[in-house]
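Architecture at a glance
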Amino acid sequence: MGDSDVEDTMETPGLPVEVVVYILSFLHASDRKEASLVCHSWYSASQDPRFQKNITFRFPASASSLELIRGLGRKPRCNLIISQLDGFSISRSLLLEVGLCLGPKLESLALPGSSITEASLLALLPRLTSLRRLDLRGLDSLFMSGAFLQGGVRSALCGLEELDLSDLRYLSDLTFNRLTGCTPRLRRLSLAGCHIAFEFDPYRGCPVGAVEDSSALLSLRNLRRLLMEQKSTLVALDLSRTSITPESLRTVAQVQGLFLEELILHGCKELTNYSVEVLVKHQPSLLKLDISGCTELTSRSVEAIARGLKSLTHLSLSRDWRITEKGLSDLLLLPSLRSLDLSECLHINGTEMVKGLKGSDAARRQLETLNLRSCTYIRVVFFLAQLLGDTLCELDLTSCSNVTDLSVCAVATYLQKLVVLRLGWCKEVTDWGLLGMVQRAKCEPDEETVRITGPRFTRTFGNMGFFKPPCLPFEERPKLVTPNDLEQFRVQAGASLLALSRLQELDLSACSKLTDSSITQVMRFPDLHHLSLSMLPEITDDSLVSTARHCRSLTSLALSHCPGISDRGVAQAAPYLPRLQHLYLSCCNNITDRSLLLLVQHCKRLRTLDISRCNNISAAAVDLLQTRLPFLENLHYKFIGGADLSLTL
């Protein structure tokens, strides 16, 4: 006994750090983060430089963040997103600590949702000698006075490559020139949502330099001047949600020597087909183009893009409602196209897409992302799956009402490299589709259906001949899955959702015919991070528990409007979900205070929790939750405890 006790207390020899690093290299980032908590040597291995590329740390401004920043000072390089900064002492101390501990190591800085003073930022910038990306979106407090950067920090910003000035209400020619005058190597510029005077010239034709820069507005002339000065380095421009006109876009596109690779024009409603044709003619080197939400565009623009942008890799046409099938076959012949977004293009049915894919082996080898959300006429999912099986990693079929069980089986059979699959609001999908047993789902017609050979009349209006309204397909209840069917599913491997072993995101929300029969059998994805099962009225705690046991990498789980979810399910599932960061349980009336206590105990990393309209949760439990979960940022608890909604406006 004594010898065995000695052996038990002896430490096993540790693996060399190089071996641990090699083992960790095979893990996903989230798994590597969990492995780093095992012991000190594994943590040291997880900090190897090969794992530290492009890692961004995000946290709100608070007193506890000071220690975090000091700890980050040991890293060779760092990217920060600090939110909720203001003009108080805590925020000033935080920015001072960033400058002292991370100054020469900080490569990217973003300050969303903040209202810092100009003095605080000017005190920080000179210390950030390695800064490559600066995000000032929405920081109106810096530009209201018009004196921003009047003192100058040219040496600190000379290496800046990416500058985001989105949604700045008070940006003017004066402050814009001061800022961009410090950035001679700028490669990416965002002015999305800024007020730019495209149709009005405040200088009335005066040459540049003849009058002082305007302190009231940002002009097209000034933007063109910047493009001419930095045409040798600038490759990406974002003018989304601005009032840019076709003539203004032509002015931008025709800048001599400017060769853009990425242009984002999302929500620019003034653009026409002519402006796209001019753009394609003068900027043929574009690799990424976003013209989503440009509602005046038609298929003529698609044809121009297919003819002129032979190197295009990413294209977004989302919400361009006038686009039809015309031109899509030529578009899919582009050999380098990797991402195509056609969401909410209501006139597309997919036939020309299939034609284009059949005519281009190169397109089939490249296309990785396809978004068909709300394309209600799409009926060719089966053929698309066959043609895109080699490369497609992300597929969005949300609200495609013609997606059926056969479509799901085709996806599971041919698209086994999928990482993201969204089938929300596909109301024709049933348990049989997820289980890959479509043939057995066909029900025998009942006797009444067989006898009826003609139209059915009602007696409501006597002999006037009014027809009874037809039953909509998604209102019909599918044949139930029996235990014998499940036994056959376990014995015979079919084209079930289990074939998609690489899934990291799955959306089945509002597929109202799904039940525990399929969810408990197919939710077995070890790498799944995001799952939505909201608005599935037939699922119960069994689905929640089974999902938690077999999908332990989940960071986001949506179960809103699932009346069958109760405290019992949360009690059994919570211990298996230590990584959970976002949980949505709104309108789950069987959830009580007990569930909140279980979340406090097992899900300590929660950042977002939605328990709104949960009638059996008390305000006291919510207060306790807020004090016990340190990372909780977003808590939605409207109308809890059975609040009377009729009293609200």
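Rules of the game
- Along each chain, the written sequence defines residue order, and numbers are assigned to residues from 1.
- The model is predicted, so local features are restricted to residues of pLDDT at least 70 and side-chain atom pairs to those at 80 or more, both for listing and for counting; the totals for chains, interfaces and linings are taken over all residues.
- The side-chain quantities take in all heavy atoms of the structure and omit both hydrogens and water.
- When a carboxyl oxygen of Asp or Glu is within 4 Å of a side-chain nitrogen of Lys or Arg, the pair counts as a salt bridge.
- Helix and strand assignments come from DSSP, with helices taken as H or I runs of at least 4 residues and strands as E runs of at least 2, each series counted from the N terminus.
- Burial here depends on accessible area, computed with a 1.4 Å probe over protein chains only, as a share of the maximum for the residue type. Under 20% is buried, over 50% is exposed, and the range in between is partly exposed.
- Patch membership requires more than 30% relative accessible area and the absence of a salt bridge. Residues of like charge join within 9 Å; the nonpolar side chains Val, Leu, Ile, Met, Phe, Trp and Tyr join within 5 Å.
- Accessible surface area values rest on a Shrake-Rupley calculation with a 1.4 Å probe, where residue burial reflects the displayed protein chains alone.
- Strands qualify as paired when DSSP identifies two bridges or more between them.
- The handedness of a crossover follows from its direction of travel: if, with the strands pointing away from the viewer, the path from the first strand over the helix to the second runs clockwise, the crossover is right-handed.
- Whenever a helix is involved, its axis is fitted only over the stretch in contact; in every case the axis is a line through C-alpha atoms, and angles between N-to-C directions fall within 0 to 180 degrees.
- Working definition: roughly parallel below 35 degrees, roughly antiparallel above 145 degrees, roughly perpendicular at 65 to 115 degrees, and oblique for all remaining angles.
- Contacts: residue pairs with any heavy atoms within 4.5 Å of one another.
- Between 30 and 60 degrees the pair is tilted, below 30 it is stacked and above 60 it is edge-to-face, where a pair is any two Phe, Tyr or Trp rings, Trp via its six-membered ring, whose centres lie within 6.5 Å.
- Residues scored as positive are Lys and Arg, those scored as negative are Asp and Glu, and His as well as the terminal groups of each chain are ignored.
- Arc definition: it is the arc formed by the directions from the helix axis to the C-beta atoms.
- Among buried residues, those of type Ala, Val, Leu, Ile, Met, Phe, Trp, Tyr and Cys that are joined through side-chain atoms within 4.5 Å constitute a nonpolar core.
- In protein, a polar contact requires one atom able to donate a hydrogen and another able to accept it; more generally it is a pair of N or O atoms within 3.5 Å, and residues adjacent in sequence count only if both atoms are side-chain atoms.
- Per residue, pLDDT measures the predictor's confidence, with a range of 0 to 100.

1. Quick notes on the pattern of salt bridges
Within the structure shown, the criterion is met by 20 salt bridges. A salt bridge links R77 to E107, with the shortest nitrogen-to-oxygen separation between them at 3.7 Å. Taken together, the residues span a long stretch of sequence, with R77 in the loop between α5 (65-72) and β2 (78-83) and E107 in strand β3 (residues 106-110) at a distance of 30 residues. Between E277 and R300 there is a salt bridge, and its shortest N-O distance comes to 2.7 Å. Placement of E277 in helix α12 (residues 273-282) and of R300 in helix α13 (residues 299-308) is noted, with a sequence separation of 23 residues between them. Classification of E277 by relative accessible area gives partly exposed; the value is 24%. It is possible to trace a salt-bridge network through shared partners that takes in E394, D396, R422 and E505.

2. Comments concerning a nonpolar patch on the surface
Together, L15, V19, Y22, I23 and F26 line one region of the surface with nonpolar side chains, adding up to about 520 Å² of accessible area. One can find Y22 in helix α2 (residues 17-24).

3. Digging into the pairing of β2
Across the 6 residues that make up β2, a large majority, 5, are buried. Looking at chain direction, strand β1 (residues 56-60) and β2 are connected through 5 bridges and run parallel. When the bridges of β2 are listed, P60 appears paired with S83. Between the parallel elements β1 and β2, the chain passes through α5 in a crossover that is right-handed. In this sheet, β3 lies alongside β2 in parallel orientation, the contact comprising 4 bridges. Paired with N79 across the bridge in β3 is S108. In this region the chain leaves β2, passes through helix α6 (residues 89-102) and returns to the parallel neighbour β3; the handedness of that crossover is right-handed.

4. A short note on the packing of α12 against α13
Where α12 contacts α13, the two axes come as close as 9 Å, and the packing angle between them is 5°. As the angle between them shows, α12 and α13 are arranged roughly parallel. From α12, N273, Y274, V276, E277 and V280 reach across to α13, where they touch R300, S301, A304, I305 and G308.

5. What to know about the packing of aromatic side chains
This model, assessed by the stated rule, comprises 3 aromatic pairs. A ring pair is formed by Y22 and F26, whose centres lie 5.1 Å apart and whose planes are at 90°; its orientation type is edge-to-face. You can call Y22 exposed: its relative accessible area is 52%. Relative accessible area serves as the criterion here: at 58%, F26 is assigned to the exposed category. Every member of this aromatic cluster is reached through a ring pair, and the members are F382, F383 and Y414.

6. A short note on the side chain of E325
The residue E325 is located in the loop between β12 (314-316) and α14 (328-331) in this model. No salt bridge is formed by the buried E325, whose closest oppositely charged neighbour, K355, lies at an N-O distance of 9.6 Å. In this structure, E325 is in contact with H347, I348, N349, G350, T351, E352 and M353, ignoring residues within four places of it in sequence.

7. Some thoughts on the packing of helix α11 (residues 246-253) against α12
To characterise two packed helices, one gives the angle between the axes of the helices and the distance between these axes. Put simply, α11 and α12 touch, their axes get as near as 9 Å, and they point 0° apart. Classified by the angle their axes make, α11 and α12 are roughly parallel. Residue-level inspection shows P246, L249, R250 and A253 of α11 in contact with α12, the latter providing Y274, S275, V278, L279 and H282.

8. Things to note about helix α15 (residues 351-358)
Along α15, the residues classified as buried are M353, V354, G356 and L357. In an axial view of α15, the angular spread of the buried residues amounts to 165°, which keeps them on one side of the axis. Looking at α15, the residues exposed on the side facing more than 90 degrees away from the buried face are K355 and K358.

9. Comments concerning the nonpolar core
If you look at the biggest cluster of nonpolar residues, it comprises 171 residues, and the most contacted ones within it are L191 and L331. With sequence-adjacent residues up to four places away left out, L191 is seen in contact with L165, S166, L171, F176, I196, L218, L223, D238, L239 and T242. Within the second largest apolar cluster, 6 residues are counted, among which are V20, V21, L24 and F51.

10. As for the environment of V403
Within the secondary structure, V403 is located in the loop between β15 (394-396) and α18 (405-414). Judged by its relative accessible area of 1%, V403 falls in the buried class. The sequence separation of V403 and V381 amounts to 22 residues, and the corresponding C-alpha distance is 7.3 Å. Beyond its immediate stretch of four places on either side in the chain, V403 contacts V381, L397, C426, E428 and V429.

11. With respect to α5
Among the residues of α5, S65, L66, I69 and L72 are the ones counted as buried. The buried residues of α5 occupy an angular sector of 120° when projected down its axis, which confines them to one face. Those residues of α5 that are buried lie in contact with β1, β2 and α6.

12. Focus on unusual backbone geometry
Even without a glycine there, the phi angle at A510 is positive, about 65°. Residue placement: A510 occurs in the loop between β17 (505-507) and α22 (516-522). Even without being glycine, M535 reaches a positive phi, approximately 60°. Tracing the backbone through its elements, the reader meets M535 in the loop between β18 (530-532) and α23 (541-550). Since its relative accessible area comes to 30%, M535 is described here as partly exposed.

13. A closer look at the environment of T351
Note on placement: T351 falls in helix α15. Only 2.9 Å separates the side chain of T351 from the side chain of N349, close enough to count as a polar contact.

14. Quick word on the confidence of the model for the protein chain
Confidence in the prediction of the protein chain, expressed as mean pLDDT, is 86, and 86% of residues score 70 or more. Across residues 4-12, where pLDDT falls below 50, the model places 0 contacts with residues more than four positions away in sequence or in other chains. Note that pLDDT drops below 50 for residues 645-649; the model gives that stretch 3 contacts with residues more than four away or on any other chain.

15. A closer look at the side chain of D238
Locating D238 in the fold gives a position in strand β9 (residues 236-238). Of the side chains with opposite charge, R241 comes closest to the buried, unpaired D238, at an N-O distance of 6.5 Å. A polar contact of 2.7 Å, which involves the side chain of D238, links it to the side chain of S240. In contact with D238, not counting residues within four places along its chain, are L189, S190, L191, A192 and I264.

16. As for the environment of L157
Along the chain, L157 turns up in helix α8 (residues 154-157). Under the relative-accessibility criterion, L157 is labelled buried at 1%. Between the C-alpha atoms of L157 and T183, which are 26 residues apart in sequence, the distance is 5.8 Å. The residues contacting L157, other than those within four sequence positions of it, are L125, L131, L134, L179, C182 and T183.

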